[in-house]
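The residues making up each chain are set out below.
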Amino acid sequence: MIYISSMRLIFLLLLSTYQFRCSTSDLEIKVVSADELFVDIKNNNSSKIVLVNIWSTWCIPCIEEFPYIVDLEKKYKNEDLMVVFVSADWDENSQAVYDFLVSEEVTGIHYRKKEGNDENFINEFSSFWSGALPFTGIYNKDMVLKKYWEGKKDEDFFKSSIDSLINMRGEKL
Amino acid sequence: MKNIIIICLTVLCFNLGAKELSIGDDIVGLNYRLNNIDGKNLSISDLKKENGILVIFSCNTCPWVVRWQDRYNSIAKTCENNGVGFVAVNSNARLHDSVDSIEEMIKHARINKYSFPYAMDQNAKLAKAFGAAKTPHVYLFNSDGKLFYKGAIDDNAKSAKKVKNNYLKDALVALGRNEKIELSSTKALGCSIKF
């Protein structure tokens, strides 16, 4: 009886360690300024267009649209679309950001805004952005803004905006 | 043809409604009814004083409002000292039956000791007229009803003690002295207004 309990405990311990390693190794959250983010994207992007979504854990419209933006990445080819999420949460919410991303089963590199300098951060993404969340901007390879909107939109709106850019000829992008 | 004209006019009206006021623009929605938490109906024209009026689009739950609102009473005092009227407006129409109801606004104002009018903007009529998009966001008009300053309260939502640039207070003092300001428009992150 003691043997079975011990084995069960060891199994549970191994399982929890495995799960922790998976979630930490598959998901990386970088804390960046807008400048650092743009450099990072340019260095890692091989897609025609880049969709940047700025969200926050306490922003309900952001949380509502998050899952179908995640799905967009799967629906489009890598050469067409790169999706980048940037959390605008403060430092004290870093664990909440991590927990939310894990709960959404996302992996890869995610970003969180460095605290301070909001005005520069906003204007780097778009001089037209008021600062309201969520914000979505679609950029070309050189990170030149092509489309943007504030507030939550439905999946069809995202798709038609992406399609209209993907279907453009290279020189126009 | 008729249908095309109707569609064009609809799009035009929508865009006109969405366009945000620019510095120097005339105040709009002067007589729109705002329901204050004391049960009285107010309008911007009722609240405007000799040197102008300050409108803050606010709400009960936005974390940025929650952080910045410890400065609201002090802003109200600065308004009073400089002959400027002040109102905080809740335009979250979609939430006016829940977390931003008038009952919740009364409770919120009591807990946070608001010393100024806090009014509900039914159907977000005023926010739409201003082209306001987020909370907290301020619009300061001068005695002629021209937009003098818009944007952020200051440069640090998290801590009043760590503020380096007191954008709004500087604008209020300048308005009281009839002086010009260098920074008439600023930005900060915030919550989208729930129209």
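Placed above this text is the structure.
This structure is a prediction, so every number in the text was calculated from the model and none was measured.

**Student:** I'd like to hear about the overall build of chain B, residue by residue, with values.
**Tutor:** Counting its secondary structure elements, chain B contains 7 helices and 9 strands. Over its C-alpha atoms chain B spans a radius of gyration of 17 Å, differing by no more than 12% from the 16 Å that the globule rule assigns to 195 residues. Projected onto its principal axes, the C-alpha coordinates of chain B cover approximately 60 × 40 × 30 Å. In chain B, buried positions account for 50% of the 195 residues. Here the analysis covers contacts within chain B between residues at least 6 apart in sequence; of these, 75% occur between residues at least 24 apart. When the accessible surface of chain B is totalled, it reaches about 9600 Å², and 52% of it is carbon and sulfur. The average position of the 27 basic charges and that of the 19 acidic charges among the side chains of chain B differ by 4 Å.

**Student:** Outline the interface of chain B and chain A, listing residues and values.
**Tutor:** Listed per partner, the contact involves 16 residues of chain B and 21 residues of chain A. When chain B packs against chain A, the two sides together hide about 1500 Å² of surface, and 61% of this comes from carbon and sulfur. Ranking the residues of chain B by area buried against chain A places Trp 64, Lys 187 and Leu 189 of chain B at the top, with a combined share of 45%. Linking chain B with chain A are 3 salt bridges, by the criterion used here. With a closest N to O distance of 2.8 Å, Glu 92 of chain A and Lys 158 of chain B form a salt bridge. Our count for the contact surface shared by chain B and chain A stands at 10 residue pairs in polar contact (both at pLDDT 80 or more).

**Student:** So what's going on with the side chain of Asn 36 of chain B? Residues and values would help.
**Tutor:** Residue and element names in this part refer to chain B. Position of Asn 36 relative to the elements: it lies in strand β1 (residues 34-36). In terms of polar contacts, Asn 36 uses its side chain to reach the backbone amide nitrogen of Tyr 118, at 3.0 Å. Beyond its immediate stretch of four places on either side in the chain, Asn 36 contacts Leu 42, Ile 102, Pro 117, Tyr 118 and Ala 119.

**Student:** Any chance you could break down the packing of helix α3 (residues 60-75) of chain A against helix α6 (residues 155-166) of chain A for me, citing the residues and the numbers?
**Tutor:** Residues and elements named next belong to chain A. At a closest axis distance of 10 Å, the pairing of α3 and α6 adopts a crossing angle of 35°. You can see that α3 and α6 cross each other, and the crossing is right-handed. Seen from α3, the contacting residues are Glu 65, Tyr 68, Ile 69, Leu 72 and Lys 75; seen from α6, they are Glu 155, Phe 158, Lys 159 and Ile 162. In terms of residue class, the contact of α3 with α6 is made up of 5 nonpolar, no polar and 4 charged.

**Student:** An account of the packing of helix α2 (residues 34-44) of chain A against helix α5 (residues 118-125) of chain A is needed here, citing residue identities and associated values.
**Tutor:** Residues and elements named next belong to chain A. At a minimum axis separation of 9 Å, α2 and α5 run at an interaxial angle of 35°. From α2, Ala 34, Asp 35, Leu 37 and Phe 38 reach across to α5, where they touch Phe 121, Glu 124 and Phe 125. Considered class by class, the residues forming the contact of α2 with α5 number 5 nonpolar, no polar and 2 charged.

**Student:** Give a description of the pairing of strand β6 (residues 135-140) of chain A that names residues and reports values.
**Tutor:** Residue and element names in this part refer to chain A. Most of β6 is tucked away, with 6 of its 6 residues classed as buried. Where burial is concerned, the two faces of β6 agree: the one with Phe 135, Gly 137 and Tyr 139 and the one with Thr 136, Ile 138 and Asn 140 are both buried. As judged from the 5 bridges shared by β6 and strand β7 (residues 145-150), these two strands associate in the antiparallel manner. Paired with Phe 135 across the two strands is Glu 150, which belongs to β7. Taking the residues between adjacent antiparallel strands as the criterion, β6 and β7 are bridged by 4 residues, where Met 143 takes a positive phi near 60°.

**Student:** An account of helix α7 (residues 167-176) of chain B is requested, with residue identities and associated values reported.
**Tutor:** Residue and element names in this part refer to chain B. Every buried residue belonging to α7 is among Tyr 167, Leu 168, Ala 171, Leu 172, Ala 174 and Leu 175, and all of these are buried. End-on view of α7: buried residues confined to an arc of 165°, all on one side of the axis. Asn 178 lies just past α7 and shows a positive phi near 60°.

**Student:** Can you break down the pattern of salt bridges residue by residue, with the values?
**Tutor:** Inspection of the entire model under this criterion finds 16 salt bridges over all chains. Linking Asp 118 of chain A and Lys 113 of chain A is a salt bridge whose minimum nitrogen-to-oxygen distance equals 2.9 Å. As far as the burial class goes, Asp 118 of chain A and Lys 113 of chain A line up, both buried. Here Asp 26 of chain B ties to Lys 146 of chain B by a salt bridge, and the two come within 2.9 Å at their closest N and O atoms. Separated by 120 residues along the polypeptide, Asp 26 of chain B in the loop between α1 (2-18) and β1 and Lys 146 of chain B in the loop between β7 (137-141) and β8 (147-151) bring together distant segments of the chain. A relative accessible area of 32% means that Lys 146 of chain B is categorised as partly exposed. Beyond isolated ion pairs, a larger network of salt bridges with shared partners links Glu 92 and Glu 115 of chain A together with Arg 67 and Lys 158 of chain B.

Basis of the calculations
- Starting afresh in each chain, residues are numbered from 1 along the sequence in its written order.
- Working convention: letters from A go to chains and numbers from 1 go to ligands, in the order in which they are written.
- Note on the predicted model: pLDDT of at least 70 is required for a residue's local features to be given, and 80 or more for side-chain atom pairs to be given and counted; whole-chain, interface and lining totals, by contrast, use all residues.
- Side-chain descriptors were evaluated using all non-hydrogen atoms of the structure, hydrogens and water having been removed beforehand.
- The helix count covers DSSP runs of H or I at least four residues long, the strand count covers runs of E at least two residues long, and both are numbered beginning at the N terminus.
- Put simply, the radius of gyration uses C-alpha atoms, and a globule should come to 2.2 Å times the residue count raised to 0.38.
- Buried means the residue's accessible area, taken with a 1.4 Å probe over protein chains only, is under 20% of the maximum for its type, while exposed means over 50%, and partly exposed covers the values in between.
- Here a residue-residue contact requires only that any non-hydrogen atoms of the pair lie within 4.5 Å.
- Residue exposure ignores everything except the shown protein chains as possible cover, and the areas themselves are Shrake-Rupley values with a 1.4 Å probe.
- We count Lys and Arg on the positive side and Asp and Glu on the negative side, and we leave His and both chain ends out.
- Positions of charges follow a simple convention, taking NZ of Lys, CZ of Arg, CG of Asp or CD of Glu.
- Buried area is a sum: the accessible area each of two parts loses on coming together, probed at 1.4 Å, counted once for each and added.
- When a carboxyl oxygen of Asp or Glu lies within 4 Å of a side-chain nitrogen of Lys or Arg, that pair is called a salt bridge.
- N or O atoms within 3.5 Å of each other form a polar contact, as long as, within protein, one can give a hydrogen and the other can take it, and as long as residues adjacent in sequence are counted only when both atoms are side-chain atoms.
- The axes used here are C-alpha line fits, helices contributing only the stretch in contact, and every angle between their N-to-C directions lies in the interval 0 to 180 degrees.
- Note on convention: the crossing is left-handed when the near helix lies turned anticlockwise from the far helix by less than a right angle, right-handed when the turn is clockwise.
- Any residue that is not Ala, Val, Leu, Ile, Met, Phe, Trp, Tyr, Cys, Pro, Asp, Glu, Lys or Arg is counted as polar, Gly included; the first ten are nonpolar and the last four charged.
- Two strands make a pair as long as DSSP finds a minimum of two bridges between them.
- When we speak of the arc, we mean the arc of directions from the helix axis to the C-beta atoms.

Everything listed here is a matter of coordinates, which is why it stays silent on function.
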